[in-house]
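A structural walkthrough
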Amino acid sequence: MSQTSTRTPIVTLTGVQKYYGDYHALRGITANIGQGEFFSLLGPSGCGKTTLLRAIAGFEDISEGQILLDGKDMEGVAPNRRPTNMVFQSYAIFPHMSVAENVGFGLRKSSMSVAEKRAAVGQALEMVGLGKFGTRAAHALSGGQRQRVALARALILKPKVLLLDEPLSALDKKMREVMQVELIKLQREVGITFILVTHDQEEALVMSDRIAVMFEGEIAQLDDPETLYRRPKSRRVAEFIGMMNFLPATVKGEAGGRVGVEVQGLGPAELEAAQCPSGAKPGTAEIGVRPESLTLLYDGQTAEGGREASGTVREVVYYGDMTYYDILLDGTPAPVRVSMRNMPGRKVLDFGARARLAWDPRAMVLFS
Amino acid sequence: MKLNALAVFTVLYLLVLYAPIALLPLFAFNSGTIIAFPLQGFTLEWFAALLNTPALHEATLNSLIIAISTAVFSTILGLFAARAATRYGFPGKGGIVGFIMLPLVLPEVIVAISLLIVLMQLGLNSGTWSIIAGHTLICTPFAIAILQGSFSNMDKSLEEAAIDLGETPWSTFRLITLPLVSPGIIASLLICFTISLDEFIIAFFLSGNEPTLPVYLWGQLRFPARLPVVMALGTILVLLSVALLIIAETFRRRGLKRVGLKDTGGFL
């Protein structure tokens, strides 16, 4: 379940293009989103992720390509006739209605009896933990509560796909973390496909089954969070997802499916083909390595296979559970970032101290 | 010291602004027929005289018909223009909106003369309907200004959310847009009504033989004996205008409160 989902596709995007006048907002988006999947569109602002979401919802016409929802072509189908519902960035809670009226809004045209509607609203509010809030005025709610009302309101119609446009960006950090977990639980509970738009890579990693990283209207990489983090296909994706060090390197050549590389400041390494997403042409290249894949060595410790490097501490950032170091490796122009979990027996190094590092070729990615 | 100087300035300013208007009720209740100090005695005679003047009643009826029609037409036009201006981008938008708002600063006498010329060229008689047209022209910018505030205070995704939840554009307008801008609509109706009721120049040029209240008032000024009656009528008009403006503003603020927004402007 990485690049191609094993699930039955519920949303099929084929060559989706969108122009705003001369501006090319979506440049051929092709992807399958599976039934019951938690799928994220991740990218910086202006990358087209919200445009794509709004195109799926029907709020934007696409210029070319095809959007299938549950096997049906959505061309010319108005948003109110699509099997999707949306949680808006501003939550769009109707301010002149009560919480219950907001949640029950989508049932206005359903054939349910009044009692059935009331029961459905109660159930939806219960689901998001707002059981007793039905009679509250909508504008008297906190940010987190508004978010829940928006979720209940969108889920009451049991859509095939729930679209979430930066739903957590208006919340503070604590509330955001709470809601991340709640969203995952909720999604598992209802089994509905969630498509989330976010610019927060951590949020995407935490919540998603698969993530499409978008730059300039194109999907740069579509993978599950672990693959995306461990094997970014381009330097740009690597920089966007988490933190990554880039070290100058020289590709020596390929032998027996393994690529020989000389990494500046670290030493010679052998990589597998999977670690070289953009090929391994001999010559200068860059090696990407995550801060947690470089390990500080304390007195008496040695690195496996002698893969050891040394340098000077240039910066110490203490986070409580973690400490981040910028270490200038001997013979390199720029420092690398190293993160270490703070544990008993691991004293925090001082600025200017000498440091030894262990490194692991399995944690490297080659960008040529 | 600095604060005191400012306070004195403020009091003087308000005095200059309102003292002349304060003279209206003073002489309206004065029993002397000449508008001059010292005051003679208290009387309600001039107000009673208002009741016995059929020409005045006709003028009042004309004014009410014109003001109500103007308020309705301007607000409907304003509603469309304000929604278009706040929701959509289209080529030439800035220029179009600018031209619609222009009558706000255009001298009324110019508008009045132009309308009169057009009517004459078309061979049409001026009258109540032409005043309504003229007033709608100058009131629509006010309606737009008020309603634009209501629309821009309203989150665009509210309408999208309603559509997303299965409503048609029309039912969305009825269920979401209209209730949320209704305080603005009421404020716009009242302010356009007040402006039209008080407007003189266009009414004077276009009224023909159906004078409005201000035109009738002006006509009465030729008869010195009628001056106290004019004062009485003026008093009523001032009170009415102020009351309407206060009601309009109250509705606007209540609307903001209802959707939990902070006040950002308005006329009062």
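1. Focus: the overall build of chain A
For chain A, the count of helices and strands is 8 helices and 20 strands. If you line up chain A on its principal axes, its C-alpha atoms span 75 × 45 × 35 Å. Here the contacts in chain A between residues at least 6 apart in sequence split such that 66% fall between residues at least 24 apart.

2. A short note on the overall build of chain B
Summing up its helical and strand segments, chain B has 11 helices and 0 strands in all. Mapped in sequence order, the helices and strands of chain B form the string α-α-α-α-α-α-α-α-α-α-α. When its C-alpha atoms are laid out on the principal axes, chain B stretches across 70 × 65 × 35 Å. Sequence-distant contacts in chain B: of pairs separated by 6 or more residues, those separated by 24 or more amount to 75%.

3. Some points on the pairing of strand E13 (residues 267-272) of chain A
Residues and elements named next belong to chain A. Summarising the sheet, strand E12 (residues 258-263) and E13 pair through 6 bridges and their orientation is antiparallel. Paired with Gly-260 across the strands is Glu-270, a residue of E13. Between the end of E12 and the start of E13, which pair antiparallel, lie 3 residues, with Gly-265 showing a positive phi angle near 90 degrees.

4. Some points on helix H5 (residues 108-122) of chain B
With 15 residues, H5(B) extends 21 Å from end C-alpha to end C-alpha; this agrees with the ideal 21 Å at 1.5 Å per step. Following H5(B) by one or two positions, Gly123(B) has its phi on the positive side, about 70 degrees.

5. Here's the deal with the nonpolar core
One finds Ala152(A), Ile195(A) and Leu366(A) to be the most contacted residues of the largest nonpolar core, which totals 151 residues. The element best represented in this core is helix H8 (residues 169-198) of chain B, accounting for 12 residues. Excluding residues that lie within four positions of it along the chain, Leu366(A) makes contacts with Val259(A), Val261(A), Leu271(A), Gln275(A), Cys276(A), Ala280(A), Ala285(A) and Ile287(A). In this structure, Trp46(B), Val229(B), Met231(B) and Leu233(B) belong to the second largest nonpolar core, which totals 8 residues.

6. Some details on the sheet that holds strand E19 (residues 354-358) of chain A
All names here are of chain A. Spatially, E15-E19-E16-E17-E18 is the arrangement adopted by the 5 strands of the open sheet, whose pairing is antiparallel. Two strands bound the open sheet, and with one partner strand each, they are strand E15 (295-297) and strand E18 (336-341). Direction aside, the axes of adjacent strands within the sheet are offset by 50 degrees on average. Direction of pairing for strand E17 (residues 322-329) relative to E18: antiparallel, over a ladder of 6 bridges. The partner of Thr-323 across the bridge, within E18, is Met-340.

7. Some details on the interface of chain A and chain B
You'll often see interface size given as the accessible area lost when the parts meet. With 17 residues of chain A in contact, the opposing surface of chain B contributes 17 residues. A class-by-class count of the residues in the side of chain A that touches chain B yields 10 nonpolar, 6 polar and 1 charged.

8. Regarding the packing of helix H3 (residues 54-87) of chain B against H8(B)
Residue and element names in this part refer to chain B. At a closest axis distance of 8 Å, the pairing of H3 and H8 adopts a crossing angle of 140 degrees. If you check the angle between H3 and H8, you find them oblique. Considering the relative orientation of H3 and H8, their crossing is right-handed. Of the residues in H8, those in contact with Ser-63, Ile-66, Ala-67, Ile-68, Thr-70, Ala-71, Ser-74, Thr-75, Gly-78 and Leu-79 of H3 are Ile-185, Ser-188, Leu-189, Cys-192, Phe-193, Ser-196 and Leu-197. Across the contact of H3 with H8, the residue classes break down as 10 nonpolar, 7 polar and no charged.

9. Quick look at the sheet that holds strand E20 (residues 364-367) of chain A
Residues and elements named next belong to chain A. Read from one edge to the other, the open sheet built from 5 strands follows the order E13-E12-E11-E14-E20, with strand pairing classed as antiparallel. In this open sheet, the two strands that pair with only one neighbour each are E13 and E20. Going across the sheet, the axis of each strand differs from the next one's by a mean of 40 degrees, ignoring polarity.

10. A look at the packing of helix H4 (residues 143-155) of chain A against helix H5 (residues 173-190) of chain A
Residue and element names in this part refer to chain A. Interhelical geometry of H4 versus H5 gives an angle of 15 degrees and a closest axis separation of 11 Å. Considering the angle they form, H4 stands roughly parallel to H5. Here H4 and H5 pass one another in a crossing that is right-handed. Where H4 approaches H5, its residues Gly-143, Gly-144, Gln-147, Leu-151 and Leu-155 are matched on the opposing element by Met-175, Met-179, Leu-186 and Val-190. Taken together, the residues of the contact of H4 with H5 sort by class into 6 nonpolar, 3 polar and no charged.

11. Regarding the confidence of the model for chain B
Looking at chain B as a whole, its pLDDT mean stands at 85, while 94% of the residues score no less than 70. The element-level mean pLDDT for chain B is lowest in helix H11 (residues 227-258) of chain B, coming to 80, with helix H7 (residues 156-164) of chain B highest at 92.

12. Section: unusual backbone geometry
Residue and element names in this part refer to chain A. Positive phi, close to 50 degrees, is recorded for Ala-92, a residue that is not glycine. Its place among the elements puts Ala-92 in the loop between strand E6 (84-87) and helix H2 (99-103). For Ala-92, a count of 26 C-beta atoms within 10 Å corresponds to the buried category.

13. A closer look at the environment of Ala353(A)
Positionally, Ala353(A) belongs in the loop between E18 and E19. Sequence separation of Ala353(A) and Ile327(A) is 26 residues, and the distance between their C-alpha atoms is 9.5 Å.

14. What about the environment of Pro95(A)?
Residue and element names in this part refer to chain A. Mapping Pro-95 onto the fold places it in the loop between E6 and H2. Classification of Pro-95 as buried rests on a count of 20 C-beta atoms within 10 Å. Sequence separation between Pro-95 and His-139 is 44 residues, and the spatial gap between their C-alpha atoms is 5.4 Å.

Reading guide: rules and limits
- Residue numbering note: each chain is counted from 1, following its sequence as written.
- By the order in which they are written, chains take letters starting at A while ligands take numbers starting at 1.
- Side-chain atom pairs in this predicted model are given and counted only at pLDDT of 80 or more, local residue features only at pLDDT of at least 70, and totals for whole chains, interfaces and linings cover all residues.
- A run of DSSP states H or I qualifies as a helix once it reaches four residues; a run of E qualifies as a strand once it reaches two. Both are numbered from the N-terminal end.
- The contact rule is simple: place each C-beta atom from the backbone, and if two of them lie within 7 Å, those residues are in contact.
- By the convention used here, strands pair only if DSSP detects at least 2 bridges between them.
- Expected helix span is computed as 1.5 Å times (number of residues minus one).
- Among buried residues, those of type Ala, Val, Leu, Ile, Met, Phe, Trp, Tyr and Cys that are joined through C-beta atoms within 7 Å form a set called a nonpolar core.
- Counting other C-beta atoms within 10 Å of its own, a residue is labelled buried from 20 upward, exposed at 12 or fewer, and partly exposed in the gap between, with every C-beta atom placed from the backbone.
- Between N-to-C directions, angles span 0 to 180 degrees; the directions come from axes that are lines fitted to C-alpha atoms, helices contributing only their stretch in contact.
- The nonpolar class holds Ala, Val, Leu, Ile, Met, Phe, Trp, Tyr, Cys and Pro. Asp, Glu, Lys and Arg form the charged class, and all remaining residues, Gly among them, are polar.
- With respect to orientation, any angle under 35 degrees is reported as roughly parallel, any angle over 145 as roughly antiparallel, any angle of 65 to 115 as roughly perpendicular, and every other angle as oblique.
- In this scheme, a crossing is called left-handed if the near helix is turned counterclockwise away from the far one by less than a right angle; it is called right-handed if the turn is clockwise.
- Confidence scores labelled pLDDT are given residue by residue by the predictor and lie between 0 and 100.

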